Amino acid sequence: MLSCHEAVSRVLAACAPLGTERVAIGEALGRALAKPLVASRPLPPVDNSAMDGFAVRAADTPGTLPIAQAIAAGDAPGDPLPPGAAARITTGAPVPPGADAVVMREDAEDRDGEVVLRRAASQGENIRRLGEDVGVGDEVLPAGARLGAGALALAAALGHADVEVGRRPRVAIASTGDELVEVGQIPGPGQIVNSNACALAAQIREAGGVPEDLGIVPDEPAATRAAIARGLGADVLVTSGGVSVGEHDHVKAALERSGVSVLFWKVAIKPGKPIVFGVAPGGALVFGLPGNPVSSMVGFELFVRPALRALEGGGDLLRPRAPAVLARPYPKKPGRAHYARAILTRRGGVLEADVFPKQGSGMLSSMALADALVELGADAGDVPAGAEVPAILLRAI
Ligand code: AMP
Ligand code: MG
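Since this is a predicted model, take the numbers as computed values, not measurements. (Residues numbered from 1 in each chain as written. Chains lettered and ligands numbered in written order. Predicted model: local features only at pLDDT ≥ 70, side-chain atom pairs only at ≥ 80, totals over all residues. Heavy atoms only, no water.)

K.L.:
Just checking my understanding: could you explain the site of ligand 1 for this structure?
P.N.:
Taken together, 14 residues lie around ligand 1, and E179, N194, G242, G291 and N292 are the ones closest in. Its free accessible area being 480 Å², ligand 1 has 76% of it covered by the protein chains. Of the residues assigned to the shell around ligand 1, the class counts are 4 nonpolar, 9 polar and 1 charged. (Near = heavy atom within 4 Å. Areas by Shrake-Rupley, 256 points an atom, 1.4 Å probe, with all protein chains shown as cover. Nonpolar A, V, L, I, M, F, W, Y, C, P; charged D, E, K, R; others polar.)

What follows is the structure in C-alpha cells.
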C-alpha cells in the first residue's frame, strides 16, 4: 500500500499556486506573501536618538556644555551642532550633524541653559543609525512568508499600504451519508449529526482556504455525481464518507465517472486508510476523505492542509514537528503508520507525549484536546515507553 510520504509527494506534485492578489495591509494577516518584500527605503530613515537626553560630540565629554538647540521627534533634520555645545533631544528625533553621541537624561544635570555631563560618552552611544535595521534593496521577507504581526509591522514601516499575496483556495465540502442530519437538527433513530462538514470548514479556514459547504449528499450514485459536479467548480473538492468498499460507498466510482483521474486510493495510515486523491479535467483537486470523524480530520491534516498551503503559495507547507518521548507503551502491528492523538507536556528539556487511550477513528473527545499527532512509523511494531517519536504539532507548545 502507498506510504504516507509517497502520498503527500503525489499531492504536492499536483499543486501549483493559484495566483495572486493585492490586499490592504490591514486585511493581510495570515496570508502568504507572493513575492519577496524588498526595502525601497532605509530603516531607520535617519540617524535618530534612542533616548531622551542630550546630543553631543563624545570628545566634548565629560564637561559642562551650553544647550544650543532643542530637537523633538517629528522635527526635520536641521542645523549642525556647534562644537562644544549640546542639543536637548527626544527619543526618535533626528540627531544633528556633528553630534556622535546622546547622553541619556538620567545621566545629565540640566541647569539653566547648560548641561553638566559627569562621565565620558562613547561614540555612537544611544544613536540609531540610518539603515542599521534595514538597508535599501534588502530582501526583508521571502516569497511565501506567512504574514504575522511582525511582518505586517515591517511592511507598514517600509511604506506598503497593501501587499501582494497568494489567492486563497476555495474549497467545497460535500458530506456523504444517508444517516446524516444537519447540525442543530435532532437525529432520529439511526441518524447522526454531520460533524465532518463543521470540522472540515474549520480546518480549511485554519489552513488559509475559503470553505463552501455543499451540504449532505445521499448515498446514491447520481446524487454523488451531482455533488461532485458542483464541487469541481471550486479549486478543491473535499468529500467525506462513502469512499471505502461498502455497498453504499459511491465516491470513488462517481469521481472516475466524472472524469477525475485518481492518483491514489488507500494509504498505509491509521486512522484513515481509505482515502482518494485525484485531479479533475478542469484542474480542481479532489480529496475523498473517510467518513469517520477522526479519519476525516487526520486525512485533512496529512494531505489536504499541505495542498491548500501549496495552492496559496505559502512556504510553510507542513506543520512543525518536534521529537517527543512516549509516556506509555504504544501497542501496534507493523504495516501502517499510525497518527495518534496526544497531549504534550514539557518536562525539563524533553517533550513528553501522552497518547490518549481512546484512539478509535470516530472518537472526537481525544481529537478535541490533542496538542499533536504522534507518528508511529509503518514498519514499527509495539513501541515502548520512553521511545522518541516525531510529533506533528497541531498547536504551539
Ligand atoms: P463511511 O466512511 O461513509 O463508511 O462512514 C464511516 C463512519 O463515519 C460511519 O459511522 C458514519 O456514520 C460516520 N460519518 C460519515 N460521515 C459523517 C459525517 N459527515 N459526520 C459525522 N460522522 C460521519
Ligand atoms: Mg457512508
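Don't stop here, the text continues.
K.L.:
Quick question: what am I supposed to make of the sheet that holds strand β5 (residues 63–71) here?
P.N.:
Reading across from one edge, β7-β4-β6-β5-β9-β8 is the order of the 6 strands in this open sheet, with mixed pairing throughout. Edge positions in the open sheet fall to β7 (101–104) and β8 (108–111), since each of these has one partner strand only. Within this sheet the neighbouring strands show an average axis-to-axis angle of 35 degrees, counted without direction. The sheet contact formed by strand β4 (residues 53–56) and β7 spans 4 bridges and is antiparallel. By the bridge assignment, F54 is partnered in β7 with V103. (Pairing = 2+ DSSP bridges. Helix = DSSP H or I, 4+ residues; strand = E, 2+ residues; numbered from the N terminus. Axes fitted to C-alpha atoms, helices over the stretch in contact; angles between N-to-C directions.)

K.L.:
Quick question: what am I supposed to make of helix α4 (residues 221–231) here?
P.N.:
The periodicity of an α-helix, 3.6 residues per turn, causes residues three or four places apart in sequence to face the same way. Within α4 the residues assigned to the buried category are T224, A227, I228 and G231. Along α4, the residues classed as buried sweep out an arc of 100 degrees about the axis, all on the same side. What points out from α4, more than 90 degrees from its buried face, is the exposed set A229 and R230. Its buried side turned inward, α4 meets β13 (170–176), β16 (210–217), β17 (236–240) and α5 (251–257). Between the side-chain oxygen at the start of α4 and the backbone nitrogen of A222 there is a gap of 3.3 Å, and the oxygen is on E220. (Buried < 20%, exposed > 50% of the residue type's maximum accessible area, 1.4 Å probe, protein only. Arc of directions from axis to C-beta. Contact = heavy atoms within 4.5 Å. Polar contact = N/O pair within 3.5 Å; in protein donor to acceptor, adjacent residues only side chain to side chain.)

K.L.:
In this structure, what is going on with unusual backbone geometry? I would like to understand it.
P.N.:
Backbone geometry follows two general trends: most residues other than glycine have a negative phi, and most peptide bonds adopt the trans configuration. Going from L43 to P44, the amide bond is cis rather than trans, its omega being -10 degrees. Looking at the element boundaries, P44 is found in the loop between β2 (37–38) and β3 (48–49). Looking along the chain, the bond that leaves T61 and enters P62 is cis, with omega of -5 degrees. Topologically, P62 is positioned in the loop between β4 and β5.

K.L.:
Explanation requested: the sheet that holds β16 in the structure shown.
P.N.:
Each strand in a sheet pairs with another by means of backbone hydrogen bonds, the pair being arranged parallel or else antiparallel. In spatial order, the strands read β16-β13-β17-β21-β20-β18; together these 6 strands make up an open sheet with mixed pairing. Strands with a single pairing partner mark the edges of an open sheet, and in this sheet they are β16 and β18 (261–265). Geometrically, the sheet is characterised by an average inter-axis angle of 20 degrees between neighbouring strands, direction not taken into account. Summarising the sheet, β18 and strand β20 (residues 276–279) pair through 4 bridges and their orientation is antiparallel. Within β20, the position partnered with W265 by the bridge is V276. α4 contacts β13, β16 and β17 of the sheet and is inclined by roughly 170 degrees relative to β16.

K.L.:
Please clarify how the domain arrangement of the protein should be interpreted in this entry.
P.N.:
Many structure descriptions define interface size as the accessible area lost when the parts assemble. The domain architecture assigned to the protein consists of domain 1 (4–17 + 167–312), domain 2 (23–43 + 139–166), domain 3 (48–128) and domain 4 (322–393). When each unit is reduced to the centre of its C-alpha atoms, the spacing between domain 1 and domain 4 is 25 Å. Facing the 15 residues of domain 1 at the interface are 14 residues of domain 4. Buried surface at the junction of domain 1 and domain 4, summed over both partners, amounts to about 1300 Å²; 70% is from carbon and sulfur atoms. When the buried area of domain 1 at its contact with domain 4 is split by residue, A268, K270 and V294 rank highest and sum to 41% of it. Where domain 1 packs against domain 4, one counts 0 salt bridges. Taken together, domain 1 and domain 4 are joined by 6 residue pairs in polar contact (both at pLDDT 80 or more). Counting only elements with at least two residues in the side of domain 1 that touches domain 4, the list comes to β19 (269–270) and α6 (293–312). A total of 7 residues in the side of domain 1 that touches domain 4 trace back to one element, the largest contributor, which is α6. Classifying every residue of the side of domain 1 that touches domain 4 by side-chain character gives 9 nonpolar, 3 polar and 3 charged. (Domains from an automatic or database assignment. Buried area = accessible area lost by both parts, 1.4 Å probe. Salt bridge = Lys/Arg side-chain N within 4 Å of Asp/Glu carboxyl O.)

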